[in-house]
Amino acid sequence: MRTLLDYSPLHRSSVGFDRVFDLLESAARNQASDNYPPFDSIKLDEDSYRVTMAVAGFRESDLAITTQGNLLLVSGERKGEPEGEYLHRGIATRPFQRRFELADHVHVTGARLADGLLSIELKREVPEAMKPRQIRIDAGEGSDTSVRQLRDQAAA
C-alpha cells in the first residue's frame, strides 16, 4: 500500500515533544524551506537529545547558536575571502539559518564543532513542581471507629 503523506519532516523539525498539530504546522513550513545544511536529530535517552549538523567549511567564529523561548536558531555565515580562484566549487558555504522548535523544558546544554560537524546537546529538565507525584490514600480507619462510637452513644 502506498502512503500519500511523508512523515519524515515530523521527526526532523522537532525535538522532544509529540504535539501533533504543532508538528504538522512545523513540517509544512520546513518542507517549503531549504534543506541546507543537512542534520541528524538523535534521542540519546529518555531526556537527552543531540542535533548534529554538517557544516563543512565553517569555523567556530562563523557559526551562531541562539535560543529564545522554545526556538533554537543555528545560523552560519562564512567570513573572509578565499585564497586563489575556484576552478570547481563543490563545498557549499552559503549563509544559512536552521530553526528547531523545542518542547517545553528542553534546554541547550552544550555545543561542539569537530570534523566539520556541529553537535548541539539538548536536555529535558522538567521542574519538580511539574513532575508526577504519588498521593497517599488514607484508608479512613479512624472514621469507622468514630461512627461506631456515635451509634453506641445514640443507642444508650
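Because the structure is a prediction, the values reported are computed rather than measured. (Residues numbered from 1 in each chain as written. Predicted model: local features only at pLDDT ≥ 70, side-chain atom pairs only at ≥ 80, totals over all residues. Heavy atoms only, no water.)

With respect to the element layout, Pro-37 can be found in the loop between helix H2 (20–32) and strand E2 (39–45). Judged by relative accessible area, Pro-37 falls into the buried class, the value being 0%. Between the alpha carbons of Pro-37 and Arg-94 there is a distance of 9.4 Å; along the sequence they are 57 residues apart. Apart from residues lying up to four places away in sequence, Pro-37 is in contact with Met-53, Ala-54, Val-55, Phe-96 and Arg-98. (Helix = DSSP H or I, 4+ residues; strand = E, 2+ residues; numbered from the N terminus. Buried < 20%, exposed > 50% of the residue type's maximum accessible area, 1.4 Å probe, protein only. Contact = heavy atoms within 4.5 Å.)

Met-53, Val-74, Phe-96 and Leu-122 are the most contacted members of the largest nonpolar core, which has 18 residues in total. When residues of this core are traced back to their parent elements, those giving at least two are strand E3 (48–54), strand E5 (71–76), strand E6 (96–102) and strand E8 (117–124). Aside from chain neighbours lying at most four places away, what touches Phe-96 is Tyr-36, Pro-37, Met-53, Val-55, Phe-58, Leu-63, Val-74, Ser-75 and Gly-76. (Core = buried A, V, L, I, M, F, W, Y, C linked by side-chain atoms within 4.5 Å.)

Our next topic: the pairing of E2. In the sheet, E2 pairs with E3 via six bridges, with the strands oriented antiparallel. Bridging across to E3, Phe-39 finds its partner in Met-53. Connecting E2 to the next strand, E3, in antiparallel fashion are two residues. (Pairing = 2+ DSSP bridges.)

A few words now on the pattern of salt bridges. Under the defined criterion, the tally for this structure stands at three salt bridges. For Arg-124, the salt bridge identified is with Asp-47, shortest N-O distance 3.5 Å. With Arg-124 in strand E8 and Asp-47 in the loop between E2 and E3, this residue pair connects regions lying 77 residues apart in the sequence. Classification of Asp-47 as partly exposed rests on a relative accessible area of 30%. With a closest N to O distance of 4.0 Å, Asp-62 and Arg-59 form a salt bridge. Residue class for Asp-62 comes out buried when judged on its relative accessible area of 3%. The class of Arg-59 is partly exposed, set by a relative accessible area of 44%. (Salt bridge = Lys/Arg side-chain N within 4 Å of Asp/Glu carboxyl O.)

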